[in-house]
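Examination of the molecular architecture
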Amino acid sequence: MAGTRARRTDAELMAAVRAAVVEELAEVGLGKLTMEGIAHRAGTAKTSLYRRWDSPQAVLLDALRAEFPQERPRTTSDDLRQDLIDALALMVRWMATPTARAVASVLAERDRYPELADAIYAHVFDSKGGRFTSTVLRHYADAGALDPALLTPVVTDIGEALVLKLAFDSDELPTEHTLAAIVDQAILPAVGFPPMQ
């Protein structure tokens, strides 16, 4: 029938809600994020949201978790350098997304919303098995290719920390060449490989 909108599938509705909560956060901010606003933007009833989530923060966490990428090192464990570069490239691609900006806005308000910030670490980052280079480094340690004792919190975060610093300093995402330099000059030496020039 003309003018009748086809009923969305569950997957389509979920995608619409996840996009809506991220857009709503960007427009109104965390303090004004409501189920009503999310439902209106997603083109659905508020009751549809309450069937799955109990708060707008729960909707937001679900959307962030769904869009957070999972690093998958090659099963052969034979190219640590390239896997680390690929992991940082995955991070950089994610940083260009609306969900990454949503994560940044929540973490920027950590003092006001500490439980939500903590939930991002527990239910978004850690629930996917870790973050970027730490996933690669642990994979190679498990395969016996490097000493697990070297994987301190500083070492496992060194790549991500440098990417964030360089992005903050220049207001641009690092290039592939810069990512290779981070791996060659910082991460590999930290896990016992000689620095590459």
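Our subject in this report is the structure included herewith. (Residues numbered from 1 in each chain as written. Predicted model: local features only at pLDDT ≥ 70, side-chain atom pairs only at ≥ 80, totals over all residues. Heavy atoms only, no water.)

**Overview of the pattern of salt bridges**
What counts is decided by this rule: Criterion for a salt bridge: a side-chain nitrogen of Lys or Arg within 4 Å of a carboxyl oxygen of Asp or Glu. A run of H or I in DSSP counts as a helix once it spans at least four residues, and a run of E counts as a strand once it spans at least two, with each numbered from the N terminus. Categorising residues by exposure relies on relative accessible area from a 1.4 Å probe, with only protein chains included: less than 20% of the type maximum marks a residue as buried, more than 50% marks it as exposed, and the intermediate range marks it as partly exposed.
The tally for this structure, following the rule as stated, stands at eleven salt bridges. In this structure, the salt-bridge partner of glutamate 23 is arginine 41, at a minimum N-O distance of 3.9 Å. Linking glutamate 23 in helix α1 (residues 10-28) with arginine 41 in helix α2 (residues 35-42), this pair joins segments that are 18 residues apart in sequence. Of the residues examined, arginine 41 reaches a relative accessible area of 30% and is grouped as partly exposed. Across the salt bridge formed by aspartate 62 and arginine 65, the nearest N and O atoms sit 3.8 Å from each other. Of this pair, aspartate 62 and arginine 65 both sit in helix α4 (residues 56-67), three residues apart, roughly one helical turn.

**Focus on α1**
Note the following rule: A helix is expected to span 1.5 Å multiplied by its residue count minus one. Contacts between residues were defined by any pair of non-hydrogen atoms, one from each residue, lying within 4.5 Å.
In a regular helix each residue adds 1.5 Å, so 19 residues correspond to 27 Å; α1 covers 26 Å between its end C-alpha atoms and thus fits that length. For α1, the set of buried residues is Leu13, Met14, Val17, Ala20, Val21, Val22, Glu24 and Leu25. Taken together, the buried residues of α1 touch α2, α3 (46-50), α4 and α6 (98-108). Two residues or fewer past α1, glycine 29 is found with a positive phi of approximately 90°.

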